[in-house]
Amino acid sequence: MPSAIEALWGGKAPQTARTRVHDYASTIRRQLLEWGAPDCVESGRFGYILRATRDCVDALDQATGLREARSCTDTTKAIARYREALALWSGEPLADATGSFVDGTRIRLVNQYLNGIEAVTDLELARGEHAAVAAELTPLAAQHPLRERLTGILMLALHRSGDRQAALALYRRCRAELAETLGLEPGAELQRLHQAILAADPTLDLDAATAEPVRLSRPSPAQLPFAPATLAGRERQLDKLDAAAQPGRIVAVTGRGGVGKTALAVAWSHAQSGQFPDGQLYVNLHGFSPGSPVPVAEALAGFLRSLGVPGEQIPTREDEAAARLRTELAGARMLMLLDNAAHAGQVRPLLPGGTTVTVLVTSRDRLSGLAATHDAAQIELDSLEPGDSAGLLRRLLPDRHLSPQEAAELADRCSHMPLALRIAAARLRDEPELPVRRYAADLKDGAGLGELAITGDPDTAIRATFDLSYARLDSAQRRVFRLLSLVPGGDFDAMAVARLAGSSLSRAQEQLAGLIAAHLVDTVANGRCAMHDLIRAYATEKAVADETAKQLRTARDRLFGWYLANARAASRITIPELPLLPGSVKTVWKDAADARRWLETERRNLVATVKVAPEAGLPGYAWRLPDALRGFLWHAAHRSDWLSTASAALQAATATGDPLALTAAHLNLGWYHFVFGRDEQAREHYDLAARLAEPAGWIEAQVSALVNAARAERDLGQLASALSRTQLMLKLEREHALGSAREAIIHGLIASICLLAGMLTEALHHAQLGVAAPASPVVVAGNTVILAEVQLARGETGPAAQRFTEAAQIFEKLGHRAGRAKCGAGLGAVAIEHERYPQAAAHLDEALSLARQAGDDSTDAEVSLQLGRLMVRTGRPAAALDHLHRARQLRTVPTVRIAALIELSRALHALGRTAEAIEAAQTAWDEAAGSEYARLVTAAEQALQTLKD
């Protein structure tokens, strides 16, 4: 009854709610009687129950049919079953009802229907029925513009029907709707399809002889960890999982530590992986591990990368990243395994929004909140049954030929806990001469440790197995075991063990092998290891008891020093122009790719080091390590890690008062704010960095701060101040011979400032100097773009096009999407000047896609501006408005915003909206007049005068 009242009225039930529910039940019974149906509404102690088979309820009947269709291996039979199930649909369900329960049910049923439509049309499209698919999906796409899979299937159907323009227009509508409604770009999958249609990719065409369902190119992650070799006594729980873990459902596997939650979930997931053809996602949330749980933003970013979303395009805000994940997972038949969750709040943002993804969660917490809010099924694990635990021991110890009494006694001493049983078995395997009963007696005696001496307590059993396994290690292995509790972030390799222990790599490998054999350390993947969180907590306890504070600090110092040295070497090889804190930089990596792989592998440890270093008595790492990591975190788009480490660096530097530390911290935060368009904050940090660097004698940092402060001022329209800074930069560069790369950066900056100030001769001179100075490929490409922009402004369109093309080729080799997009915008502008409009459209369409893949708002705005110009020039002013409004509204530099307003005034004038056109031109002039952009002031004046005349 309470559930019925909540479903009908939410929190606003009338006083007569119970009476009205009784009346409604009577009405349903009468209606069923009139239809000649059996009375399947039963009254009970707590309310009413509907006793009906699935074939009596159309929604359940449809769900059954869709599941059967998905399992069909014969395409013809699958299509027929899909169509049979979909024919049960008779329009929007519960159309005249309201309420949170009704709304949620309606959404679920609509999604069920649309998932079926997408699945069957995908199959029909593969059979060459593109015209019929296009006809069926066109109205549905209009009703549901946010469903990317539906949009993608329709785009492909239109493309195969010969209507390429309609397919591209559909993509633009979907992109606009996603941006307006969710603030998101289309998923990587749909973007790739768009690019393929633009390029007329022949792989999109149907080959009737080898036709298969087209799978839009979403990656299929396979992230499940190793399955346990043996899983004992969990048949009942596996049956429950089979029944509960359906598409769209959440299942929580809960229980105390060491009871085998992860083993059960992973074993079931591997066994059922065939049910999830689009892949399996996995993350260990470290909810009960020493240290902090995995931040939700980090888990979201990891999933999005696994699904093919470029790092630069992953939203920084948690709610936006969660929305993007739901978009990427829409329609995917996937499994998501969230292991070791701390609580329901850590899980909720990671949940998909559709009805096709199965979610499995493990936790020591009961996750009752998840059951309440998301109807999660709950499966609670306890110790194994005595017969099952004895059977597990016999399978783990086949050479021991355990008698029933021996197996039962040992299992009882381990309290039938899987973790304790496995550790005990490992000990007996390694010591074949050790009698089982003596070991069982030792376990019983070893449990008498103070407050843990509780007969039959599972925690006591686990502690006892830890104690005996630890005691069996030699002294060197015990020391390494204790020190492994100091690893800050999670997994580790043998080199980290060597650094912690201060030993050779070969010695560390030997000690690590002994810990793995004792089941105190687990192997994970790629030569890396980890510890169960209970074992790590035990190791921490032993470290505190058996090591002095000085010994622990020294071990951490060795490990953190290794992290820092490797990170500095990686920074130098990946971004050589980046100023690093003074000190030697070793040659560690064979190439930049090798360095980036190490940084990505160790990222969790590196970021955690920054957080724990001050409390560990090693505050220097809290500001030195972020200085070495900032280039990597920027390039890999780990935005939340970048901000957290940069902020921690400033806090640690402020505590020390060291000028070098403060300079590095302000340089780091200045770059972060500049990258994300916060020019005022960036300039403040850069000014502080420049003032601090000079007395500290760190000239390279002083010049870097001046360069970037000038860039911020350029983008703020303060050109005179920016130019004055460049004179000091050149003076410092000459006095201290900072190198040709720094010289190239300075000349490129001066050229960009002179271009905006209308000083085209000076701009050309410095742009040529910038291109001529030897530098890294990314600096050369950037300066080549600046030279091309200067040449375009001077009317030298031929040389400009050549330079844009040269720069694009360099950026392509570097995998730099934003740079390629900027070149595409320039080539589009050149084509517009020559009235080669189809060529301009091709350049700009590709550039827009690249800019959005890169998540670069500034370049996106530049491309949108050029698309607006193209629409105006080709007599489509109405189509220009969307592009020009977008160029204005994106977080970008004033130059693009002002230019977009000028072009907007022309589009509005062409549409006969003269008053609005004048207002746009006046706004452009007001903004330009408040800056020092001479060329834009002139252009705004001319536009305003033309309209008034």
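Let me begin by describing the structure that accompanies this report. Quick caveat: nothing in here was measured; it's all calculated off a predicted structure.

Within the structure shown, the criterion is met by 43 salt bridges. Between Glu 328 and Arg 324 there is a salt bridge; the shortest N-O distance is 3.0 Å. Placement of both Glu 328 and Arg 324 in helix α13 (residues 318-329) is noted, with a separation of four residues, approximately one turn of the helix. Accessibility expressed as a relative area gives 3% for Glu 328, which makes it buried.

Moving on: the packing of helix α30 (residues 659-675) against helix α32 (residues 699-715). Packed helix pairs are specified by the crossing angle of their axes together with the interaxial distance, meaning the distance between the axes. Axis separation between α30 and α32 bottoms out at 11 Å; the angle between their running directions is 25°. Classified by the angle their axes make, α30 and α32 are roughly parallel. Two packed elements cross with a definite hand, and for α30 against α32 that hand is left-handed. Within the contact between the two elements, α30 uses Thr 663, Leu 667 and Phe 674 and α32 uses Ala 701, Ser 704, Ala 705, Arg 711, Ala 712, Arg 714 and Asp 715. Residues of the contact of α30 with α32, tallied by class, amount to five nonpolar, two polar and three charged.

Turning our eyes to something else, we now look at the packing of aromatic side chains. The tally for this structure, following the rule as stated, stands at 13 aromatic pairs. Here the aromatic rings of Phe 560 and Tyr 563 are separated by 6.5 Å at their centres, their planes lie at 20°, and the arrangement is stacked. Note that Phe 560 and Tyr 563 are positioned in helix α25 (residues 549-574) at a spacing of three residues, about one turn of the helix. As far as burial versus exposure is concerned, Phe 560 and Tyr 563 are alike and both buried. The interplanar angle of 40° and the centroid separation of 5.4 Å between the aromatic rings of Trp 589 and Trp 598 together place this pair among those described as tilted. You'll find Trp 589 and Trp 598 in the same group, each marked buried. Positioned above the aromatic ring of Tyr 470, the side-chain terminus of Arg 478 is 6.0 Å from the ring centre.

Core analysis: the largest hydrophobic core is formed by 156 residues, its most contacted members being Phe 481, Leu 484 and Phe 492. Ignoring anything within four residues of it in the chain, the contact list for Phe 481 reads Tyr 470, Leu 473, Leu 515, Leu 520, Met 531, Ile 535, Tyr 538 and Ala 539.

Scoring rules and cut-offs
- Residues numbered from 1 in each chain as written.
- Predicted model: local features only at pLDDT ≥ 70, side-chain atom pairs only at ≥ 80, totals over all residues.
- Heavy atoms only, no water.
- Salt bridge = Lys/Arg side-chain N within 4 Å of Asp/Glu carboxyl O.
- Helix = DSSP H or I, 4+ residues; strand = E, 2+ residues; numbered from the N terminus.
- Buried < 20%, exposed > 50% of the residue type's maximum accessible area, 1.4 Å probe, protein only.
- Axes fitted to C-alpha atoms, helices over the stretch in contact; angles between N-to-C directions.
- Parallel < 35°, antiparallel > 145°, perpendicular 65-115°, else oblique.
- Left-handed = near helix turned anticlockwise from the far one by under 90°.
- Contact = heavy atoms within 4.5 Å.
- Nonpolar A, V, L, I, M, F, W, Y, C, P; charged D, E, K, R; others polar.
- Phe/Tyr/Trp six-rings, centres within 6.5 Å; stacked < 30°, edge-to-face > 60°.
- Lys NZ or Arg CZ within 6 Å of the ring centre and 35° of its normal.
- Core = buried A, V, L, I, M, F, W, Y, C linked by side-chain atoms within 4.5 Å.

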